[in-house]
Amino acid sequence: MSTDELRRLPGVDRLLGDAALQEMRARYGHHLTVTAARETLAQVRDAVRAGADLPTEGTLVAQVVAHLRERLAPTLHPVINASGVIIHTNLGRSPLSADARAAIESVAAGYSNLEYDLSSGQRGQRTHHAERLLLELTGAESALVVNNNAGAVLLALTHTARGRDVVISRGQLVEIGGGFRVPDVMRQSGAQLIEVGTTNRTHRRDYEQALAEQPDVALILRAHHSNFRLVGFTSEVELAELVEIGAAFGVPVMDDLGSGALLDTAPFGLAHEPTVQESVAAGAALVCFSGDKLLGGPQAGIVVGQADFVEPLKRHPLARALRPDKTCLAALQATLMHYLKEEATDCIPIWRMISAPVEQVARRAQDWQERLRQAGRETQVVDGRSTVGGGSLPGETLPTRLLALDSDNPDRLAAALRTGAPPIVARIGADQLLLDPRTVLPEEDTVLLARLVGELETS
Ligand SMILES: *Cc1c(COP(=O)(O)O)cnc(C)c1O
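The rules behind these values
Residues numbered from 1 in each chain as written. Predicted model: local features only at pLDDT ≥ 70, side-chain atom pairs only at ≥ 80, totals over all residues. Heavy atoms only, no water. Helix = DSSP H or I, 4+ residues; strand = E, 2+ residues; numbered from the N terminus. Buried < 20%, exposed > 50% of the residue type's maximum accessible area, 1.4 Å probe, protein only. Contact = heavy atoms within 4.5 Å. Areas by Shrake-Rupley, 256 points an atom, 1.4 Å probe, with all protein chains shown as cover. Lys, Arg positive; Asp, Glu negative; His and termini not counted. Charge placed at Lys NZ, Arg CZ, Asp CG, Glu CD. Near = heavy atom within 4 Å. Polar contact = N/O pair within 3.5 Å; in protein donor to acceptor, adjacent residues only side chain to side chain. 1 Å grid on protein atoms, 1.4 Å probe; cavity = no way out; pocket = protein on both sides within 12 Å on 5 of 7 lines; lining within 4 Å. Points joined across faces, edges and corners; volume = space filled by probe spheres on them. Nonpolar A, V, L, I, M, F, W, Y, C, P; charged D, E, K, R; others polar. Domains from an automatic or database assignment. Buried area = accessible area lost by both parts, 1.4 Å probe. Core = buried A, V, L, I, M, F, W, Y, C linked by side-chain atoms within 4.5 Å. Pairing = 2+ DSSP bridges. Salt bridge = Lys/Arg side-chain N within 4 Å of Asp/Glu carboxyl O.

(A) Structural context of the overall build of the protein chain. Of regular secondary structure, the protein chain possesses 20 helices and 18 strands. In terms of overall dimensions, the protein chain has a C-alpha envelope of 90 × 55 × 45 Å along the principal axes. Looking at the protein chain residue by residue over its 459 residues, the buried ones come to 49%. Taking the contacts inside the protein chain whose residues are at least 6 apart along the sequence as the reference set, 74% of them involve residues at least 24 apart. Here the protein chain has roughly 21700 Å² of accessible surface; of this, 49% comes from carbon and sulfur atoms. Taken as two groups, the 45 positive and 57 negative side-chain charges of the protein chain have centres that lie 5 Å from each other.

Given below as structure tokens:
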């Protein structure tokens, strides 16, 4: 295309004179608007040189507006999780309860007594707010909240075992999602790893032998297998027995629970996930777990246990580097309050999802099917399984009912649902697109169905 043609493109000043761009300038500022106009014109020039038609001035203005909007759109935004994975790490793990969200809002907008003791007018401790609830709920003597559980484990190991030995079963040297490997974290903490037993079987005598041979063992570590399950010819030593073995050698036990449930999962048709209370009662000196897995709260790492072991962690420099912010602590406190009031399965979203009977999920799937039928779209309701996720209950699933959509190209339909607004994450099985109502929040139903109607029209 000739350069003559390019001369007919309007300049930045001329474009900015357009009413639509004047409005953009008033809303988003001169700098962003001018930059968007320049960048759009540069792209158009390249396209025209490559043989594209010269756009009209109206098209150019629309392109600048679109460019500006795209640039200003947040990249982190809500997603509808229809995957059936309840604690989905890639989708932000646990949705927060209404109280937890309100608590965030209440401290985010202004000042708070985060580190201020209102009765004395002196400096207070930020993690104190959630800690007293943790003691009440778990029976522990002491508690500490940090930024996440990886940080909690690192802090506890660094303080307690730096330059010393930590005994752990070979069967527990696992890598959990996101590159958290138990051996790597131990090395990072400066602790020396003493592996005992074999991958599938570790016995009491393996621990006893190691403790008898090694003069400087700081801890026995038990780590939850997370999303990995040992099956078949296996054996591990129970926590209470580990505590007993340790006591004979004067060595405390640390338990990395990972998910850290406060409620028993067994009444909901799942295997029993070890609870924090059980680890505390079994005599673990330190128990570490996440805030946003089975606890159902904000991202946080929690250490509870015996005062002699937990209190010193609060004074370690790493505790300062890993400290949680006020919004985290507000949400954590509100989440813990649900357990105290015995309303966790009603109020905490992930526990509502875990405890929803399959008949209730089926009713929602049928309701979705009916509403889509009224919009002229035929779908099916089929049996399926939901998973808990979050490194808890490996291999365990809950029966569910799925809305199944036929499509010539389910991958393309899945991609369209993912990339639209709001994005919907579904799964594909047997050449159908499958949506699990169990993980979709009730208030998302209307927008989910509107998007499905739209996509089924065009696909
Ligand atoms: C998830 C998990 C962690 C890490 O917890 P984050 O809160 O993700 O930092 C550590 N240990 C185990 C066993 C886990 O399952």
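(B) Representation of the side chain of Arg 377 within the structure. Summarising the element assignment, Arg 377 is placed in the loop between α18 (358-374) and β14 (380-389). The exposure class of Arg 377 is buried, given its relative accessible area of 14%. Setting aside its immediate chain neighbours within four residues, Arg 377 contacts Leu 372, Val 453, Leu 456 and Glu 457.

(C) Local environment of the site of the ligand. Neighbouring the ligand are 12 residues, the closest being Arg 93, Ala 150, Asp 256, Ser 290 and Lys 293. Here an oxygen atom of the ligand sits 3.0 Å away from a polar atom, N or O, in the main chain of Asn 149. Within the side chain of Ser 290, a nitrogen or oxygen atom sits 2.6 Å from an oxygen atom of the ligand. Protein contacts shield 93% of the accessible area of the ligand, which totals 380 Å² for the unbound molecule.

(D) Molecular detail of the layout of surface pockets. Computed from the structure, the largest pocket encloses a volume of approximately 720 Å³. Considering every element that reaches the lining of the largest pocket, the biggest residue donor is helix α17 (residues 349-355), with 3 residues. Partitioning the lining of the largest pocket into residue classes produces 13 nonpolar, 10 polar and 6 charged. Domain assignment of the residues forming the lining of the largest pocket places at least three in each of domain 2 (80-87 + 351-458) and domain 3 (96-344).

(E) Looking closely at the domain arrangement of the protein chain. In terms of domains, the protein chain is made up of domain 1 (3-72), domain 2 (80-87 + 351-458) and domain 3 (96-344). Spacing between the C-alpha centres of domain 2 and domain 3 amounts to 34 Å. Counting residues at the interface gives 14 residues for domain 2 and 20 residues for domain 3. Contact with domain 3 buries area across many residues of domain 2, yet Trp 351, Leu 393 and Pro 394 alone supply 44% of it, more than any other trio.

(F) Focus on the nonpolar core. Judged by nonpolar contacts, the single largest core of 54 residues is most densely connected at Phe 289, Val 304 and Leu 336. Counting contributing residues, this core receives three or more from each of domain 2 (80-87 + 351-458) and domain 3 (96-344). Excluding its chain neighbours within four sequence positions, the residues that come into contact with Val 304 are Leu 134, Thr 138, Ala 140, Ser 142, Ala 143, Val 276, Val 280, Ala 285, Leu 286, Val 287, Phe 289 and Val 310. Judged by nonpolar contacts, the second largest core, of 31 residues, contains Leu 144, Ala 152, Phe 180 and Leu 193.

(G) Looking closely at the environment of Arg 320. With respect to the element layout, Arg 320 can be found in helix α14 (residues 317-321). Take Arg 320: its relative accessible area is 52%, and that puts it in the exposed class. Taking the C-alpha atoms as reference points, Arg 320 and Ala 450, separated by 130 residues in sequence, lie 47 Å from one another.

(H) The arrangement of the pairing of β14 in detail. Bridging between strand β2 (residues 85-87) and β14 involves 2 bridges; their strand directions are parallel. Looking at β14, one finds that Val 85 is bridged to Thr 387. Sheet analysis places β14 next to strand β15 (residues 397-406), joined by 8 bridges and oriented antiparallel. Among the inter-strand pairings, Asp 383 is bridged to a residue of β15, identified as Arg 401.

(I) View of the pattern of salt bridges. Considering all chains together, one arrives at 24 salt bridges under this definition. Glu 343 is paired through a salt bridge with Lys 341; the nearest N and O atoms lie 3.6 Å apart. You can call Glu 343 buried: its relative accessible area is 18%. Looking at Lys 341, the relative accessible area reads 48%, which means it is partly exposed.

(J) Region of the structure containing the pairing of strand β13 (residues 301-305). Burial analysis of β13 places 5 of its 5 residues in the buried class, which makes it a mostly covered element. A two-sided burial pattern is seen for β13, the buried positions comprising Gly 301, Val 303 and Gly 305 on one face and Ile 302 and Val 304 on the other. The pairing of strand β5 (residues 142-146) with β13 spans 5 bridges and is antiparallel. Within β13, the residue paired with Val 146 across the bridge is Gly 301.

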